[in-house]
Amino acid sequence: MIRKPIILLTGGAGYIGSHTYVALTEAQFQPLILDDFSNSNPVVLDRLERITGQAVPCHRGSVLNTELVAELLKVHAIEAVVHFAGFKAVGESVAQPLKYFDNNLGGMISLLKAMENAACHTLVFSSSATVYGDPATVPITEDFPRSHTNPYGHTKLVCEDMIAAVCQANAAWRAGVLRYFNPVGAHPSGLIGEDPNGPPNNLMPYVSQVAVGKRPFLHVFGNDYPTPDGTGVRDYIHVQDLAQAHVAALQALLLGDNGFTVNIGTGQGYSVLDVVSAFEQASGKPVPYQLAPRRPGDVARCYADPALARHLLSWSANHTLLSMCEDTWRWQSNNPEGYRLLE
Ligand code: NAD
Ligand code: UDP
């Protein structure tokens, strides 16, 4: 029997990690989750078992624990790591920068040390379009200048630099840096999805909570941007497409690719009002909204040129905005309290 490559998913119980877990299982990898559940719920493991029909290997622990990570890498003969673990709330990072530097930068350092120690040199990293700051033009290509507008974005930029430095120092390293645009949607089963704690910061989960009746209306942050309808334009990407990008990245690296940094988006920008109307269509529910001032730090338009990922990884996104909304709605309406079990 051919041994399946074992892949460590740090933060694998989170939103993107859990969807990637399923995609990797289907692609004949054997993923192993390391998560401290600081922003996820162990119920996700039962859901993953239901989707995949197999027990879900998971270690509860922090990526900050270098010895634990090195031990896992060695004991399981892990071939590659996908590093999702980290904090991601922009506003919180402004209020508590040290929390972000500690976990996101400390986590990256700890992981790289553990991987070096265990001679595991293949890494895929969850970066973000936030590294482009306020782009001068759109669509964005990977050679655009990088900058940061908040501590969260700063951590992504520094993590990219750390990865580049270890690759420079030791030719054994192979790293794929994936710059995600705006991940949305859920697995079509409706069993796993995005489960924010408290009021969502991001548009799609907020819209879905309005549609399900948890919140009375959406605040539309600004309608005076230089965009067709005045509201902010983003490149929403279905989390199922995003999960497939990780499969493609790992396949390329394990086949000997030396490494890459690629945008993971659709190349198509949609406004806030486009999302509202697609969600109303998908859910059959009204999404009332009120116009509100611009949110500080927001950019008018942000969407990818995804040509490099298509060229290097033979990957491109397939899902439409309507299917992103339909899958979000199935998850939201089946699980109005997310993974929190109702009494
Ligand atoms: P998430 O919060 O749902 O998942 C992150 C997981 O990491 C959680 O399960 C959390 O419990 C875990 N975690 C956090 N710190 C840890 C630690 N020290 N040790 C072990 N586990 C830890 O977030 P997500 O949306 O799935 O994002 C995954 C990655 O993708 C993050 O690095 C995030 O910054 C990046 N990213 C996300 C988006 C987005 O919009 N969701 C966009 C661009 C990049
Ligand atoms: N947005 C909004 N109301 C909300 C949340 C977001 O109008 O409650 C807008 C936001 O101003 C931006 C778009 O929706 O134009 C996407 O915001 P999100 O936070 O999801 O992604 P990001 O801005 O980080 O790309």
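Right above here is the structure, for reference.
Description of the structure in this document. (Residues numbered from 1 in each chain as written. Chains lettered and ligands numbered in written order. Predicted model: local features only at pLDDT ≥ 70, side-chain atom pairs only at ≥ 80, totals over all residues. Heavy atoms only, no water.)

### Points about the pattern of salt bridges
Move 1: Across all of its chains, the model carries 11 salt bridges by this definition.
Move 2: One salt bridge in this structure joins E160 and R179, with 2.8 Å as the shortest N-O distance. Highlighted residues: E160 in helix 6 (residues 151–169) and R179 in strand 6 (residues 174–180), separated in sequence by 19 residues. The exposure classification of E160 matches that of R179, with both residues buried.
Move 3: As a salt-bridge pair, R294 and D224 come within 3.0 Å of each other at their nearest N and O atoms. (Salt bridge = Lys/Arg side-chain N within 4 Å of Asp/Glu carboxyl O. Helix = DSSP H or I, 4+ residues; strand = E, 2+ residues; numbered from the N terminus. Buried < 20%, exposed > 50% of the residue type's maximum accessible area, 1.4 Å probe, protein only.)

### Details of the site of ligand 2
Move 1: Close contacts around ligand 2 come from 14 residues, with L203, H219, R234, R295 and D298 the closest.
Move 2: Contact distances for ligand 2 include 2.7 Å between a nitrogen atom and a backbone N or O atom of H219.
Move 3: In the model, an oxygen atom of ligand 2 is placed 2.6 Å from a nitrogen or oxygen of the D298 side chain.
Move 4: Expressed as a share of its isolated accessible area of 520 Å², the protein-covered part of ligand 2 is 88%.
Move 5: If one sorts the elements of the shell around ligand 2 by residue count, strand 8 (residues 218–221) sits on top with 4 residues.
Move 6: Of the residues belonging to the shell around ligand 2, the class tally is 6 nonpolar, 5 polar and 3 charged. (Near = heavy atom within 4 Å. Polar contact = N/O pair within 3.5 Å; in protein donor to acceptor, adjacent residues only side chain to side chain. Areas by Shrake-Rupley, 256 points an atom, 1.4 Å probe, with all protein chains shown as cover. Nonpolar A, V, L, I, M, F, W, Y, C, P; charged D, E, K, R; others polar.)

### Notes on unusual backbone geometry
Move 1: Note the cis peptide between V138 and P139, where omega equals -5 degrees.
Move 2: Within the secondary structure layout, P139 lies in the loop between strand 5 (122–128) and helix 6.
Move 3: One non-glycine residue, Q28, lies in the positive phi region at around 70 degrees.
Move 4: Counting through the fold element by element, Q28 comes out in the loop between helix 1 (15–26) and strand 2 (30–35).
Move 5: Look at Q28 and you get partly exposed, because its relative accessible area is 47%.

### Structural notes on the environment of A278
Move 1: Here A278 lies in helix 9 (residues 272–283).
Move 2: Sequence separation between A278 and L322 is 44 residues, and the spatial gap between their C-alpha atoms is 5.7 Å.
Move 3: Not counting the four nearest positions on each side in its chain, A278 is found in contact with L321, L322 and C325. (Contact = heavy atoms within 4.5 Å.)

### Let's talk about the pairing of strand 5
Move 1: For strand 5, the tally of buried residues reaches 7 of 7 residues, placing the bulk of the element in the interior.
Move 2: Neither face of strand 5 is exposed, since T122, V124, S126 and S128 on one face and L123, F125 and S127 on the opposite face are all buried.
Move 3: As paired strands, strand 4 (residues 80–83) and strand 5 are joined by 3 bridges and run parallel to one another. For H83, the partnering residue across the bridge sits in strand 5 and is F125. (Pairing = 2+ DSSP bridges.)

### Brief notes about the sheet that holds strand 11 (residues 259–264)
Move 1: The strand order across the open sheet built from 7 strands is 3-2-1-4-5-6-11, with neighbouring strands paired in parallel fashion. Across the chains shown, the open sheet's two edge strands, defined by having one partner strand only, are strand 3 (58–60) and strand 11. Between one strand and the next, the sheet's axes are offset by a mean angle of 15 degrees, whatever the strand orientation.
Move 2: In this structure, strand 1 (residues 6–10) lies alongside strand 2, joined through 5 bridges in parallel fashion. The partner of I7 across the bridge, within strand 2, is P31. (Axes fitted to C-alpha atoms, helices over the stretch in contact; angles between N-to-C directions.)

Limitation: the analysis is restricted to geometry and does not speak to function.
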